[in-house]
Amino acid sequence: MEATVLRNPWIPITPSYKQSLFLAYEGIEALYGGAAGGGKSAAVLAAALQYFSVPGYSALILRKTYADLAQSGALMDRANDWLRPTPARWNSQEHRWTSPEGGSLQFGYLETANDHFRYQGAEYQSITLDEVGQIPEHQYLYMFSRLRRLQDFPVPLRMRCTANPGSEWVKQRFVSQSYLAADEDTKFARVWEKSGRLFVPARLQDNPALNIAEYRQSLAKLDSVTRAQLEHGDWTAHSGGRFKAAWWRRFRDDG
């Protein structure tokens with residue numbers, strides 16, 4: 001699978017290799033996860049805006065709370081930076097951007113155990129869960145019921161996520177069980193036939209806009225486990241040690 005730089009008037013950045021790989025993926029389910037500062041927010045916002053010019057296109061970005069969405073530098077703030085200079089229109093009551101062609105990008109949250117029912121009856125072609133590890137797995141799975149389209153609608157259905165290490169269910173679903181994984185650092189790429197998931201590991205060096213040296217100094221103040229998770233994107237780091245026996249999985253590799 002090769003990375004492709006996608007040109008789009010709504011995306012005012014040049015995607016990195018990892019971001020381009022994430023954007024080019026055509027399967028339903030994908031996670032851009034790992035180190036803090038690895039370019040995850042830009043990757044999923046760009047993914048949500050890929051088809052923003054298509055009439056009738058509907059995208060939803062979710063976080064655990066509205067406060068998480070609205071804080072400085074978070075996805076709603078970043079979308080404002082990207083779209084405010086464009087002809088897109090913002091509806092503050094509905095937390096929704098609309099393109100001149102009629103595509104939409106909405107923001108929402110899943111704060112309580114029943115908040116996923118807020119979206120019952122809604123229809124989206126793209127759903128993004130930012131920091132999905134903060135959200136219970138049953139709510140994540142429920143949101144697949146909101147992914148649908150009319151026959152011949154020219155947009156793929158996509159569930160896209162970001163996460164830092166720390167969530168066991170996210171690790172099991174994507175990192176341990178992912179059938180398509182790519183890591184530019186190790187030049188690792190393996191494909192299993194029976195799959196529809198992509199896991200793109202994020203590293204600090206995958207975000208060319210980040211002042212990595214300064215950020216490493218900030219991360220150095222953390223405890224060793226949290227630092228391993230956020231600086232190195234280490235999914236094996238946890239408070240009881242480095243590994244759990246249940247994390248090991250056996251795969252047959254006939255290649």
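Residues numbered from 1 in each chain as written. Predicted model: local features only at pLDDT ≥ 70, side-chain atom pairs only at ≥ 80, totals over all residues. Heavy atoms only, no water.

Of the positions making up helix α4 (residues 75-83), those classed as buried are L75, M76, A79, W82 and L83. The buried residues of α4 occupy an angular sector of 120 degrees when projected down its axis, which confines them to one face. (Buried < 20%, exposed > 50% of the residue type's maximum accessible area, 1.4 Å probe, protein only. Helix = DSSP H or I, 4+ residues; strand = E, 2+ residues; numbered from the N terminus. Arc of directions from axis to C-beta.)

Here we come to the pairing of strand β10 (residues 197-202). The side chains of a regular strand alternate, residue by residue, between the two faces of the sheet. Among the six residues that make up β10, six are buried, leaving the element largely enclosed by the rest of the structure. Across the two faces of β10 the burial is the same, with R197, F199 and P201 and L198, V200 and A202 all buried.

Here we take up the packing of helix α1 (residues 17-24) against helix α2 (residues 40-49). Where α1 contacts α2, the axes come no closer than 10 Å and their chain directions differ by 35 degrees. The hand of the α1/α2 crossing is right-handed. Each of Q19, F22 and L23 in α1 lies in contact with α2, whose residues at this interface are A42, A43, V44, A46 and A47. The residue makeup of the contact of α1 with α2, split by class, is seven nonpolar, one polar and no charged. (Axes fitted to C-alpha atoms, helices over the stretch in contact; angles between N-to-C directions. Left-handed = near helix turned anticlockwise from the far one by under 90°. Contact = heavy atoms within 4.5 Å. Nonpolar A, V, L, I, M, F, W, Y, C, P; charged D, E, K, R; others polar.)

Attention now goes to the packing of α2 against α4. Closest axis-to-axis distance for the α2/α4 pair is 11 Å, and the angle between their directions is 60 degrees. Looking at the two axes, α2 sits oblique to α4. For the crossing formed where α2 meets α4, the hand is right-handed. Here α2 contributes S41, A42, V44, L45, A46 and L49 to the contact with α4, which in turn contributes L75, R78, A79, W82 and L83. Tallied by class, residues from the contact of α2 with α4 come to nine nonpolar, one polar and one charged. (Parallel < 35°, antiparallel > 145°, perpendicular 65-115°, else oblique.)

This part covers the pairing of strand β7 (residues 158-163). For β7, a buried count of six out of six residues is recorded, marking the element as mostly surrounded by other parts of the structure. Taking every second residue as pointing to the same face, both faces of β7 are buried, with R158, R160 and T162 on one and M159, C161 and A163 on the other. The sheet contact formed by strand β1 (residues 29-34) and β7 spans five bridges and is parallel. Bridged to G33 within β7 is A163. (Pairing = 2+ DSSP bridges.)

In this structure, E29 sits in strand β1. For E29, a relative accessible area of 6% translates into the label buried. Note: C-alpha distance between E29 and M159 (130 residues apart in sequence) is 4.9 Å. For E29, the side chain forms a polar contact with the side chain of R173, separated by 2.5 Å. There is a polar contact of 3.3 Å between the side chain of E29 and the side chain of R197. (Polar contact = N/O pair within 3.5 Å; in protein donor to acceptor, adjacent residues only side chain to side chain.)

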